[in-house]
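Secondary and tertiary structure notes
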Amino acid sequence: AGITSSADGTAMTIDSSERIVMPSQPMFYATTVSTVSGGSLHTEGSYEYNNAGQTGSTIQAVNFTKVWINIGNHWNNSTGVFTCPIAGRYLAFWNNNYHGNSSWPNAYLMWNAKVVGQAWTNNSESAETYSQLVCFALVEAAANDKIWPGYHSSYNAPTVTTSWGYQPCGIMLIG
């Protein structure tokens, strides 16, 4: 009683251990940045970054070598954007790893044209240095909103690599 559905599919089940299982929950997880610019990758040329509504210059989306999970196919690896299929709360994270000779390594999580998470290191790196820049955000999104990882294109691009597990990124509906 109290749970209804007008859908034709099973949105959730309760298993024998009384855990709620949601096999169709929108979710994306990938690793290893493969492209940092060009093609159809999304850019945001005037993003809002504070309460005063001030805007900054370009944030560039990235895409990934290894997409491990893409339930519902809401992540588009050509554009580097996750499109929210329904309104709700979404959790997003990105650990953008830089390695060697980078100027002002940074990481952004974008929601439409707003910064919702960012990380910076305020120096230039030597060839032996690694920077792990973790962004985390919870977003109250509407259907068709866009959530995506990126970097400030006025500085060096993230490291492109082929090692799986490097630069993990995840976006998922949590409720």
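Everything that follows concerns the structure shown earlier in this document.
Residues numbered from 1 in each chain as written. Predicted model: local features only at pLDDT ≥ 70, side-chain atom pairs only at ≥ 80, totals over all residues. Heavy atoms only, no water.

This paragraph deals with the pairing of strand β12 (residues 106-111). For β12, the buried fraction is high: five of the six residues fall into the buried class. Bridge analysis of β12 against strand β13 (residues 114-120) gives six bridges, and the strand direction is antiparallel. Looking at the pairing, Trp111 lines up with Lys114 of β13. Counted along the chain from β12 to the antiparallel partner β13, the turn is two residues long, and its residue Asn112 has a positive phi close to 55°. The pairing of β12 with strand β15 (residues 146-152) spans four bridges and is classified as antiparallel. Its bridge partner being in β15, Tyr108 is matched across the sheet by Gly150. (Buried < 20%, exposed > 50% of the residue type's maximum accessible area, 1.4 Å probe, protein only. Helix = DSSP H or I, 4+ residues; strand = E, 2+ residues; numbered from the N terminus. Pairing = 2+ DSSP bridges.)

Another aspect to go through is the packing of aromatic side chains. Each aromatic ring pair is summarised here by two numbers: the centre-to-centre distance and the angle between the ring planes. Throughout the structure, instances matching the rule amount to 12 aromatic pairs. Ring plane angle 75° and centroid distance 6.1 Å describe the contact between Trp104 and Trp120, whose orientation is recorded as edge-to-face. Separated by 16 residues along the polypeptide, Trp104 in the loop between β11 (88-99) and β12 and Trp120 in strand β13 bring together distant segments of the chain. With a centroid separation of 6.0 Å and an interplanar angle of 80°, the aromatic rings of Tyr108 and Trp120 are classed as edge-to-face. Taken as a pair, Tyr108 in strand β12 and Trp120 in strand β13 lie far apart in primary sequence, 12 residues in all. In this structure Tyr108 comes out as buried when scored by relative accessible area, which is 3%. For the cation-ring pair, Lys66 lies above Trp68, with the distance from its terminal atom to the ring centre recorded as 4.9 Å. (Phe/Tyr/Trp six-rings, centres within 6.5 Å; stacked < 30°, edge-to-face > 60°. Lys NZ or Arg CZ within 6 Å of the ring centre and 35° of its normal.)

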